[in-house]
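Secondary and tertiary structure notes
The chain contents come next:
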Amino acid sequence: VIDVVMSASESHNLANPRMTRAQSFAALGEVNAIAGQAKVAVNISLSCSFGCPMEGDVPVTTVLDWCERFVGELGAQGVTLCDTTGMAYPGQVAALTRAFRQRWPATELTLHFHNTRGMGLANVLAGIEAGADRFDASLGGIGGCPYAPGATGNVCSEEIVHALELMGYDTGVDLASLIDAATG
């Protein structure tokens, strides 16, 4: 699977890939066409789906309109809604995830959370309840966003695995080895 990225926010898109959203979408279309010829699946990640450090709130309609273009026009097999700077909160995550699921029940949905305000794990749990398929995470919570001062890393892989196992999920991950890797 090839993962390509653009932002729901024009300001963030100009700061990160350094092009307009229209230019990014055109470039995604080119990558998608090449991937299609090679029979490789494409996932499109939409940064700032839960808010932008430059513009503030990003309307749900903006996020869903881009998703419509990704799935409808480009035929993306998966979409990742990204909380690029850690602005998301559980009620917002649940509402956006449900809205996505209602429109595209067969499209793989990944959620990407940063833990800037300590909401990463709570957002993962809200996403699970609302129907998300997958989650991005990082070992030890590393990462961040250079265009959002103070934004911390992604939600910790080991915290997600630990919480899900306590809830009865079979993650297929050896938690002890994961913790060793994070601390080693």
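Presented here is a report on the structure given in the accompanying data block. Throughout, a residue's number is its position along its own chain's written sequence, starting from 1. Where local features are concerned, this predicted model is filtered to residues with pLDDT of at least 70; where side-chain atom pairs are given and counted, the filter is 80 or more; whole-chain, interface and lining totals use all residues. Hydrogens and water molecules were not included; the side-chain quantities draw on all heavy atoms of the structure.

**Observations concerning the packing of helix α2 (residues 21–37) against helix α3 (residues 60–73)**
Heads up, the condition is: To get an axis, fit a line to the C-alpha atoms, keeping to the stretch in contact for a helix; angles then go from 0 to 180 degrees between the N-to-C directions. Runs of E in the DSSP output that reach at least two residues are strands. Runs of H or I that reach at least four are helices, and both are numbered from the N terminus. With respect to orientation, any angle under 35 degrees is reported as roughly parallel, any angle over 145 as roughly antiparallel, any angle of 65 to 115 as roughly perpendicular, and every other angle as oblique. By definition, turning the near helix anticlockwise from the far helix through less than a right angle yields a left-handed crossing, and turning it clockwise yields a right-handed one. Here, residues are in contact when the closest pair of their heavy atoms is within 4.5 Å. Residues are grouped as follows: Ala, Val, Leu, Ile, Met, Phe, Trp, Tyr, Cys and Pro are nonpolar; Asp, Glu, Lys and Arg are charged; all remaining types, including Gly, are polar.
Contact geometry of α2 with α3 gives a least axis separation of 11 Å together with a crossing angle of 25 degrees. When the axes of α2 and α3 are compared, the pair comes out roughly parallel. Our pair here, α2 against α3, has a crossing hand that is right-handed. Residues Arg 21, Phe 25 and Leu 28 of α2 pack against Thr 62, Trp 66, Arg 69, Phe 70 and Glu 73 of α3. Split into classes, the residues belonging to the contact of α2 with α3 amount to four nonpolar, one polar and three charged.

**Digging into the side chain of Thr 80**
Assignment of secondary structure puts Thr 80 in strand β3 (residues 78–83). Ignoring any residue separated from it by four or fewer positions in sequence, one finds Thr 80 in contact with Asp 3, Asn 43, Ile 44, Ser 45, Leu 46, Thr 110, Leu 111, His 112 and Asp 136.

**So, the state of the cysteines**
To keep things clear, this is the line we draw: A pair of sulfur atoms, both from cysteines and within 2.5 Å, is called a disulfide here. Using a 1.4 Å probe on the protein chains alone, a residue whose accessible area is under 20% of its type maximum counts as buried, one over 50% counts as exposed, and one in between counts as partly exposed.
Summed over the entire model, instances satisfying the criterion amount to zero disulfides. As a non-bridged cysteine, Cys 48 has Cys 52 as the owner of its nearest cysteine sulfur, 4.5 Å distant. For Cys 48, a relative accessible area of 0% puts it in the buried group. Cys 82 provides the cysteine sulfur closest to Cys 67, a residue in no disulfide bond, and the two sulfurs are 10 Å apart.

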